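Single-letter residue listing:
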Amino acid sequence: MGAVRRLVDADTGEVIPYAPYAFSGRHTQVDKARVEAITESKAFTPSQKFLVLWWIGVSPEGMDPLRATGADIARRVGMSTDAVGKINRKLVQHRILIVRGRIGNYNLYRISPYIAFHGTGLEQREAVKTCKPPEIPGFNEMTPVRWEAQ
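These remarks concern the structure in this document.

Cut-offs and rules
Counting restarts for each chain: residues are numbered from 1 in the order of the written sequence. The predicted origin of the model limits local features to residues at a pLDDT of at least 70 and limits the giving and counting of side-chain atom pairs to 80 or more, whereas totals for whole chains, interfaces and linings rest on all residues. Note that water and hydrogens are dropped before the side-chain values are worked out from all heavy atoms of the structure. Classification of residues uses two cut-offs on accessible area relative to the type maximum, computed with a 1.4 Å probe and protein chains only: under 20% is buried, over 50% is exposed, and between them is partly exposed. Secondary structure elements follow DSSP: runs of H or I no shorter than four residues count as helices, runs of E no shorter than two count as strands, and numbering proceeds from the N terminus. In this description, strands pair whenever DSSP reports at least two bridges between them. Throughout, the arc means the angular range of directions from the helix axis out to the C-beta atoms. We call two residues in contact when some of their heavy atoms are within 4.5 Å. The term salt bridge refers to a side-chain nitrogen of Lys or Arg lying within 4 Å of a carboxyl oxygen of Asp or Glu. Here the expected span of a helix is defined as 1.5 Å times the quantity of residues minus one.

Describing the pairing of strand β5 (residues 106-111)
When you tally the buried positions in β5, you get 5 out of 6 residues, the bulk of the element. Direction of pairing for strand β4 (residues 97-103) relative to β5: antiparallel, over a ladder of 6 bridges. Along β5, the bridge assignment pairs I103 with Y106. Hairpin connection from β4 to β5: 2 residues lie between these consecutive antiparallel strands, with G104 at a positive phi of about 60 degrees.

If you want it as structure tokens, here you go:
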């Protein structure tokens, strides 16, 4: 299992308990309030909500896009290519998905860094500067205040 990391409080010298997460691999930080708002919203169908959760799980580290076409995604999730395309377009309209490249005439997407991000807090803060916040019906951006400095 690798070397044990010891964290020490710089002010008191006390050891801070530390343990790595017990996930089976990569993991992502998620804005639970936004995901809750999406999953409870009547503006999205169950299939759209399912794909939001799928995108959270498959979006690569940082701001890289998932390098997959609609047909690739459809095979992976058991939907038709047309359904995946239609859902992805709606999620882009709400800025839940963002376009991060192209393969031929197909857009490459990833989940908005406002919803989920794999990277440090500083990297996520830089990532959100590159896009607008998602539009999630029923989600109030200011309750509670989302950022320390606005």
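Here's the deal with helix α3 (residues 70-77)
Residues of α3 that are buried include every one of G70, I73, A74 and V77, and no others. For α3, the angular spread of the buried residues around the axis is 100 degrees, confining them to a single face. Exposed and facing more than 90 degrees away from the buried side of α3 are R75 and R76. Looking at the buried side of α3, the elements it contacts are α2 (46-58), α4 (81-93) and β5.

Here we look at the pattern of salt bridges
Counting across every chain of the model gives 5 salt bridges. Across the pair D72 and R75 runs a salt bridge whose closest N-O atoms are separated by 2.7 Å. Placement of the pair is D72 and R75 together in helix α3, with a separation of 3 residues, close to one helical turn. Residue class for D72 comes out partly exposed when judged on its relative accessible area of 27%. Notably, a salt bridge pairs E126 with K129, separated by 3.0 Å at the nearest N-O pair. Residue E126 is classed as partly exposed on the basis of its relative accessible area, which comes to 46%.

Things to note about α4
For α4, with 13 residues, the first-to-last C-alpha span of 18 Å sits near the 18 Å given by 1.5 Å per residue. Within the sequence span of α4, burial applies to V84, G85, I87, N88 and L91. Where α4 is buried, its residues meet α2, α3, β4 and β5. Looking one or two residues past α4, R95 carries a phi angle of roughly 60 degrees, positive in sign.

Observations regarding the environment of W55
Inspection of the secondary structure assignment puts W55 in helix α2. Each C-alpha atom, one on W55 and one on Y109, is 8.8 Å from the other, the two residues being 54 residues apart in sequence. In this view, W55 contacts L66, I73, N88, L91, L97, Y109, R110 and I111; residues no more than four positions away in its chain are not counted.

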